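Structural overview for review
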Amino acid sequence: MKKIKLLALGAALCMAGLTQAAPTPKATSSKITGQETAILTDAPAVPPRITRKHATKVVVNLEVKELEGRLADGVSYTFWTFGGKVPGKFIRIREGDEVEFHLNNHPDNKMPHNIDLHAVTGPGGGAAASLTAPGHSSVFSFKALNPGLYVYHCATAPVAMHVANGMYGLILVEPKEGMSKVDHEFYVMQGDFYTQGKNGEQGLQAFSMTKAIDEKPDYVVFNGSAGSLTGDNALKAKKGDTVRLYVGVGGPNLTSSFHVIGEIFDKVNHEGSTTSPDKNVQTTMIPAGGAAYMEFKVNVPGTYIMVDHSLTRAFNKGALGMLKVSGDEDKTLYSGKMTDEVYLPEGTSMRNTGVAQAQAPTAKTKADRIKLGEGIYNTNCAACHQTTGVGVPQAFPPLAKADYLKGAKPAAIKAVTGGLQGKLVVNGSEYNGVMPSWSLSDEEVANVLTYIYNSWGNDGDEVTLEDVKQHRITPVKHEE
Amino acid sequence: MKSKHSTFISTLVLSSCLFSAVAVSAEDMVRVEDMVLVPEGSFTPFFLKKDDITNSSSVATTAVDAFWLDATPVTNRKFQAFVNKHPDWHKSNIKKIFTDSHYLEHWQSTQGSADSADLDKPVVNVSWFAAAAYCEAQDKRLPSTDEWEYTLTDNDRDTENLQKQIMAWYSVPNKELPTVRSKPANGFGIFDMAGLIWEWTADFNSYMAPPDSRNSGDKNLFCGSGSLNASNLSDYAAFMRYSYRESLKGNFTGKNLGFRCAKDAK
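Residues numbered from 1 in each chain as written. Chains lettered and ligands numbered in written order. Predicted model: local features only at pLDDT ≥ 70, side-chain atom pairs only at ≥ 80, totals over all residues. Heavy atoms only, no water.

Structural notes on the overall build of chain A
Each helix and strand counted, chain A has 12 helices and 25 strands in total. The proportion of buried residues among the 480 residues of chain A is 49%. Summarising the internal contacts of chain A: among those between residues at least 6 apart in sequence, 69% fall at separations of at least 24. (Helix = DSSP H or I, 4+ residues; strand = E, 2+ residues; numbered from the N terminus. Buried < 20%, exposed > 50% of the residue type's maximum accessible area, 1.4 Å probe, protein only. Contact = heavy atoms within 4.5 Å.)

Dropping the structure here:
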């Protein structure tokens, strides 16, 4: 009797436990309700956000097509595709969804194909169940257990060739709480291509097995061809919009140092993980067979270039895309070009200050010279001798209270116009460097030296045009 | 699916045939009608057979006995003659378990016969069952995969060029099929082993693990595991041939899938 009572109690407790467990979101939301056919999109489009709050059965119909298409201007290639384009169709489902996957191999195809979805838990990621001969169709189903952004690809041997021909795409498994709303979502996928001919060689190019094995691609491109995201094909947004990029790398071999020139990713979800993102990222590494998504607000209008920051891929092999942002400029965020000044690296021999020269006004008085000379000094001299004239110990001699200058206007003029090299003692310290000769007009030399002689405790002499004409070494040369 | 069909060859009649053919032939290659005697030899198979999988030692060469092989794939003309003689294999009569729905679908005339322009092109859209039945009706059989692969290797006469030829075929989309014998024969005197169509073999899926890898260990052709027991990892062409065969079932047909027949030499 006692035993029975205990059992009853236990059962009651169990029941209580069950009834308590039932209302948790996990239990309710993993129940499959209804059925829908997945909306699939070609890059750079992304299917709409999932707004339903429950798991459902999703039917995905993906057709494999082998077809000739454009790889670059005048260059075509036989792509093997999931859905007719490279990359393959973007698939968007929700965590907990049950997916019924139909892989259809078009009868015109020559090859058997299958699909390995990295979002699938199970041997081969679906590959084992989906090997499909041309003219046939395979069906398998899986439950989306883990949220995240995943690559899918063909995994039929030789897998490297199937992938090299463009058989990859992205599948997004939204977490139960959904994806936050943004103004634009784009789909970008990088891949490397190996052709018989060199980059740019015209006509239909066959796959080069040798180059693929050597991992020496002729093309590294976004979305299946050079120029797929440039010019009229550029991604577009308006100033102030939030943009989310879903970026995958199909490979087969190269990883991507993905970067948008002039943008900082506000958030990056590395490896396609939906857990807390990293903030303020410049360049994000995406492995072959991996993905990441990133968000940023476009504050400044203009064209932003997307690259694989392994830069010869961007500039020589095609890994370049554009995001064009329209809207009014905001000078406080980005000024545009304010000035164009001559850059003066140390140790060079001849400088032509063409820009300043063209506009140089002439001084009427000593005060004018000092005033005009200050600008010339700051443009040409301050980088080394400093705006305070103190120079840099052991590198650049001081001009302030410099014994070298005292009563030595001809030497100063010679130094500015002809340069200086070798040992020099100034105020008791030895220097051994190079000062370039300056292509300054007589007026400018007079002004800048007058400024120097009247600053930082120097004597206050005026250097005149006549002085300069008399002592200058290099005649004025206008290079343009 | 192992081939279990019998060949019904009358050894006596056949061998007398052979000897007379050998006697009259002035060429190196021995021919009877459209068949060529492929001499015995050996080759390095691309994958180990299922039977060999337990044997983990490195890949050995496989010996192949001499056998007769059709010099070209079976043409529409020949298959039409077969269908006329054996109406069970007409596209309107064929039993559903022997084919998928595309059987002879390129034969578009109302009578379900081959287009006259296609007569010398290889017959395609035939299932393994139909191919095997055709060969049997000629007192022949489908070649084994070993025989077929051995013939393709052509005694390694020009392996690199052969691979290129195959890869070139793989990398262009489907076009109109050419007629058989459009390109030179290989060293054995056999035409169209590469660059025309896929071909059925008697034991087309005997090399592979079952299509579900869950109970096959790692010996299958998916993804990286495909390279585990291959003999030449850079032979992409062979990878594709084997995975193509792996994707087939006996009732499948394909726009690029035909066959030729073989016969024992003795």
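A closer look at the pairing of strand β5 (residues 67-70) of chain B
Residues and elements named next belong to chain B. Burial along β5 is two-sided: F67 and L69 facing one way and W68 and D70 facing the other are all buried. Two strands pair when backbone bridges link them, and strand β2 (residues 35-38) and β5 are joined in this way by 4 bridges, in the antiparallel orientation. Residue pairing in the sheet places L37 in a bridge with W68 of β5. Sheet analysis places β5 next to strand β8 (residues 262-264), joined by 3 bridges and oriented antiparallel. Following the sheet pairing, W68 is matched in β8 by K263. (Pairing = 2+ DSSP bridges.)

A closer look at the sheet that holds strand β4 (residues 91-94) of chain A
All names here are of chain A. With mixed pairing, the 4 strands of this open sheet are ordered in space as β4-β9-β8-β6. Here the strands that pair on one side only, and so sit at the sheet edges, are β4 and β6 (116-117). Bridge count for β6 against strand β8 (residues 148-153) is 2 bridges, and the pairing is antiparallel. Bridge pairing links L117 to Y152 in β8.

Observations concerning the interface of chain B and chain A
Opposite the 31 residues of chain B that make contact, chain A presents 36 residues. Between chain B and chain A, a total of about 2900 Å² is buried, with carbon and sulfur atoms accounting for 66% of that surface. A salt bridge links D108(A) to K255(B), with the shortest nitrogen-to-oxygen separation between them at 2.2 Å. Across the contact surface, chain B and chain A share 5 residue pairs in polar contact (both at pLDDT 80 or more). Secondary-structure elements contributing two or more residues to the side of chain B that touches chain A are α5 (159-170) and α6 (236-246) of chain B. (Buried area = accessible area lost by both parts, 1.4 Å probe. Salt bridge = Lys/Arg side-chain N within 4 Å of Asp/Glu carboxyl O. Polar contact = N/O pair within 3.5 Å; in protein donor to acceptor, adjacent residues only side chain to side chain.)

Remarks on the environment of T99(B)
All names here are of chain B. Among the secondary structure elements, T99 is positioned in the loop between α2 (76-85) and α3 (128-137). Accessibility expressed as a relative area gives 8% for T99, which makes it buried. Spatially, the C-alpha atom of T99 lies 7.6 Å from that of G250, the residues being 151 residues apart in sequence. Apart from the residues within four sequence positions on either side, T99 is in contact with I94, S127, N251 and T253.

As for the packing of α2(B) against α3(B)
All names here are of chain B. Running from N to C, α2 and α3 cross one another at 80°; their axes reach a closest spacing of 11 Å. If you check the angle between α2 and α3, you find them roughly perpendicular. Residues K78, F79 and F82 of α2 lie in contact with α3, whose contacting residues are A130, A133, Y134 and A137. Class assignment for the residues of the contact of α2 with α3 results in 6 nonpolar, no polar and 1 charged. (Axes fitted to C-alpha atoms, helices over the stretch in contact; angles between N-to-C directions. Parallel < 35°, antiparallel > 145°, perpendicular 65-115°, else oblique. Nonpolar A, V, L, I, M, F, W, Y, C, P; charged D, E, K, R; others polar.)

Some points on the packing of aromatic side chains
Any aromatic ring pair is given by two values, namely how distant the centres are and how the planes are angled relative to each other. Here the structure, examined in full by the defined rule, presents 30 aromatic pairs over all chains. Geometrically, the ring pair formed by F265(A) and F296(A) is tilted, given 5.8 Å between the ring centres and 45° between the ring planes. With F265(A) in strand β16 (residues 265-269) and F296(A) in strand β19 (residues 290-297), this residue pair connects regions lying 31 residues apart in the sequence. Owing to a relative accessible area of 0%, F265(A) belongs among the buried residues under this scheme. Between F82(B) and Y134(B), the aromatic rings sit 5.3 Å apart at their centres with planes inclined by 70°, giving edge-to-face as the arrangement. (Phe/Tyr/Trp six-rings, centres within 6.5 Å; stacked < 30°, edge-to-face > 60°.)

Some points on the pattern of salt bridges
Residues and elements named next belong to chain A. Tallying each qualifying case throughout the model produces 32 salt bridges over all chains. In this structure, K89 and D42 form a salt bridge, with 3.3 Å as the shortest nitrogen-oxygen distance. One end of the pair, K89, is in the loop between β3 (75-82) and β4; the other, D42, is in the loop between β1 (32-37) and β2 (55-72), and 47 residues separate them in sequence. Accessibility expressed as a relative area gives 18% for K89, which makes it buried. Of the charged contacts, one joins K211 and D218 as a salt bridge, the two residues approaching to 3.2 Å between their closest N and O atoms. Members of the salt-bridge network, linked through shared partners, are R92, E174, E185, R244, K267 and E295.

A look at unusual backbone geometry
All names here are of chain A. Between A157 and the following residue, P158, the backbone shows a cis peptide bond with an omega angle of -5°. For P158, the location among the structural elements is in the loop between β8 and α4 (159-164). Here the residue pair G251 and P252 is connected by a cis peptide bond, since its omega of 20° sits within 30 degrees of zero. For P252, the location among the structural elements is in the loop between β14 (242-251) and β15 (256-261). At Q386, a position not held by glycine, the phi torsion is positive, near 75°. Summarising the element assignment, Q386 is placed in the loop between α9 (382-385) and α10 (409-418).

Considerations on the sheet that holds strand β10 (residues 184-193) of chain A
Consider a sheet: its strands pair through backbone hydrogen bonds, and that pairing is either parallel or antiparallel. Residues and elements named next belong to chain A. Sheet architecture is open: 6 strands sit in the order β12-β10-β14-β19-β16-β17, paired in mixed fashion. A strand with exactly one partner marks an edge of an open sheet, and here the two such strands are β12 (219-222) and β17 (278-281). Taking each pair of neighbouring strands and ignoring which way they run, the sheet shows an average axis angle of 25°. In this structure, β10 lies alongside β14, joined through 8 bridges in parallel fashion. Paired with E185 across the bridge in β14 is R244.

Function cannot be inferred from these measures alone, as they are strictly geometric.
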